[in-house]
Amino acid sequence: MQEFDFLVIGSGSGLDVANAMAGRGNSVAVVEEGRLGGTCLNRGCIPSKQLLYHADVMETVEGAGAFEIDAEVNGVDFAKIVQKVTEDVSESSDSIRRGLKSSDAHDLFEGTGRFVDDRTVEVVKGEDAGATLRADTVLVATGTRPSIPPIDGIEDVDYLTSTEALRLETAPDRLVIVGGGYIAAELGHFFGTFGSDVRIVGRREHLLPEADAEVGEAFTDRYADRFDVYTGYEAVAADEADGEVTVEARPYPEADAVRAGGEPVGAPDEAESVTVAGDELLVAAGRRPNTDMLNLDATGVETDERGFVETDEYLRTDAEGVWALGDVVGEYLLKHSANHEAKAVIRNLLGDEPKPVDYSAMPFAVFASPEVAGVGAREQDLREADVEYATNTYAYDETARGSAMHAEGFVKVLIDLDGNIEGCHIIGPEASNLIEEVVVAMTAGSGTVADIRDAVHIHPALSEVVDRAFSGQFSRGGGHDHGHHHHG
């Protein structure tokens, strides 16, 4: 038995807490079964955004004609793009490992951590199998992995998840994607830009069901122009023969099935099932928590029905001295959320007075084409809560810079009747950057329309589209259903 002050299982954002504890002179154990650095670095945001930037460059060149520039792409070394990104990521991961190995304050245990009791963990499988560790404080930060829905025959199909897709060294001729969220959207954009014929099958009425519905609808329309999109369809069976994968999909009762191009296909009961075929199948249908290996039954740690760890507002679990953060708590499966939670755990472990995690202005972004970002409440949330609100949208192409860029898209603002910002949703170029001033206004400012209106915006920068969305004429919503505005 080895004794430590602090033990963390998982080496993503949990490492931030480990480093803070080590910096205060605590002995620290890190248990990790895979590469160091977690999902974000190894098979998530870092490789995907690097790859996606290549797609953005490609798209820029291909769209040059609209700007009276005659340009052509003479070749793409797709394998090299992927290899360079993979190498880059591996180097970062290796350097974290070297740092931990050479540190006097940290002990790295390579293998799968499994609880024996509340604060005792044994390492099973892997390099350090057999080690038993006990600590005063334990942090569960084991993240998530791709979830595979119950599709008939899927276990006999050689499918990809995001993990493998990010390392694919040839773009498939025809790629079928099951799932309609941001991973499906981003990888669809990446492979589609480099020549794959992409078909997307998603259960919900729109792609990006987590976004504001108006944004999701606009995004789905744009994707339906680029790809074969089957929204409102659930994949029920998969089959592989002669190098071809086929997926059978049926209308999903909770959505009005809409075929690509937007024609409804009748009520779900009379609508036809569709068969979608390709060379590769990518399953991007959500993530599931890595709690099944932890043997949490040996502890007082509670999980919800999906397996995510339950915590209080300070990120303490039900077991004394056991904390949790990141994707495994299932609040927001986003790296910046996990980092935000790590700061809270550090503050709560080392400070005098515990403070709840503040999720009130947690933004998200989708690095697809078009880009999407949002913060705060969505219009459907406000309607559901039956509160009064006001909303305004402003189109990019009605600003000087947006027009120069031939930008499509809009900024949508939701406020309460006192002018407090409830939410902001953006679809269009640089959405992930434009949302930030709204996040700052909601976090550090008074959180009102005046924060944005009174700040001087550089003319003619793209940020004017945010300024004008906040400065325009709002229309009342809530308490009654109001029609959609048309975005020019």
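Bear in mind the structure is a predicted one, so any value in this text is a computation, not a measurement. (Residues numbered from 1 in each chain as written. Predicted model: local features only at pLDDT ≥ 70, side-chain atom pairs only at ≥ 80, totals over all residues. Heavy atoms only, no water.)

Time to look at the overall build of the protein chain. On a plain count of helices and strands, the protein chain comes out with 14 helices and 22 strands. Taking 23 Å as the expected radius of gyration for a compact globule of 488 residues, we find that the protein chain reaches 24 Å, a close match to that expectation. C-alpha extents for the protein chain along the principal axes are approximately 65 × 60 × 50 Å. When burial is assessed residue by residue, the protein chain has 50% of its 488 residues classed as buried. Of all intrachain contacts in the protein chain linking residues separated by at least 6 positions in sequence, the fraction that spans at least 24 positions is 65%. A total of about 22400 Å² of accessible surface is found on the protein chain, and carbon and sulfur atoms cover 45% of it. With 38 positive and 92 negative side-chain charges, the protein chain shows a spacing of 4 Å between the two charge centroids. (Helix = DSSP H or I, 4+ residues; strand = E, 2+ residues; numbered from the N terminus. Rg over C-alpha atoms; globule rule 2.2 N^0.38 Å. Buried < 20%, exposed > 50% of the residue type's maximum accessible area, 1.4 Å probe, protein only. Contact = heavy atoms within 4.5 Å. Areas by Shrake-Rupley, 256 points an atom, 1.4 Å probe, with all protein chains shown as cover. Lys, Arg positive; Asp, Glu negative; His and termini not counted. Charge placed at Lys NZ, Arg CZ, Asp CG, Glu CD.)

Below, the discussion takes up the domain arrangement of the protein chain. Considered domain by domain, the protein chain is made up of domain 1 (2-144 + 288-350), domain 2 (154-285) and domain 3 (370-475). Using C-alpha coordinates to define each centre, domain 1 is positioned 28 Å away from domain 2. With 21 residues of domain 1 at the contact, the number on the domain 2 side is 15 residues. Taking both partners together, domain 1 and domain 2 bury about 1600 Å²; carbon and sulfur atoms supply 67% of that area. Looking at the side of domain 1 facing domain 2, the largest losses of area belong to Arg43, Leu52 and Phe78, adding up to 32% of the total buried there. (Domains from an automatic or database assignment. Buried area = accessible area lost by both parts, 1.4 Å probe.)

Turning our eyes to something else, we now look at the environment of Phe367. When you line up the elements, Phe367 lands in the loop between strand 17 (364-366) and strand 18 (372-376). Not counting residues up to four positions away in its chain, the partners in contact with Phe367 are Lys49, Leu52, Glu186, His189 and Ser432.

This paragraph deals with empty space enclosed by the protein. With the rule as written, the count across this model stands at 1 cavity of 30 Å³ or more. One number sums up the size of the largest cavity: a volume of about 40 Å³. Along the walls of the largest cavity sit Asn42, Pro47, Thr86, Val89, Thr163, Leu166 and Arg167, which together make up its complete lining. Within the lining of the largest cavity, the residues separate by chemical class into 3 nonpolar, 3 polar and 1 charged. A domain split of the lining of the largest cavity shows at least three residues from each of domain 1 (2-144 + 288-350) and domain 2 (154-285). (1 Å grid on protein atoms, 1.4 Å probe; cavity = no way out; pocket = protein on both sides within 12 Å on 5 of 7 lines; lining within 4 Å. Points joined across faces, edges and corners; volume = space filled by probe spheres on them. Nonpolar A, V, L, I, M, F, W, Y, C, P; charged D, E, K, R; others polar.)

A separate point is the pattern of salt bridges. Enumeration according to the criterion identifies 23 salt bridges in this entry. Two residues, Arg114 and Glu122, come together in a salt bridge whose shortest N-O distance is 2.9 Å. Counted as one network, the salt bridges with shared partners bring together Asp212, Glu214, Glu379, Arg383 and Lys412. (Salt bridge = Lys/Arg side-chain N within 4 Å of Asp/Glu carboxyl O.)

Right, let's get into the packing of aromatic side chains. Across all of its chains, the model carries 10 aromatic pairs by this definition. Judged by centre distance (5.1 Å) and plane angle (85°), the rings of Tyr223 and Phe227 are edge-to-face. For Phe227, a relative accessible area of 7% puts it in the buried group. Their ring planes at 40° and their centres at 5.7 Å tell us that Tyr332 and Tyr359 sit as a pair that is tilted. With Tyr332 in the loop between strand 16 (322-324) and helix 8 (335-350) and Tyr359 in the loop between helix 8 and strand 17, this residue pair connects regions lying 27 residues apart in the sequence. Taken together, the aromatic side chains of Phe78, Phe190, Phe191 and Phe194 make up a single cluster linked through ring pairs. One residue, Arg226, lies across the ring of Tyr223, its end atom 5.5 Å from the ring centre. (Phe/Tyr/Trp six-rings, centres within 6.5 Å; stacked < 30°, edge-to-face > 60°. Lys NZ or Arg CZ within 6 Å of the ring centre and 35° of its normal.)

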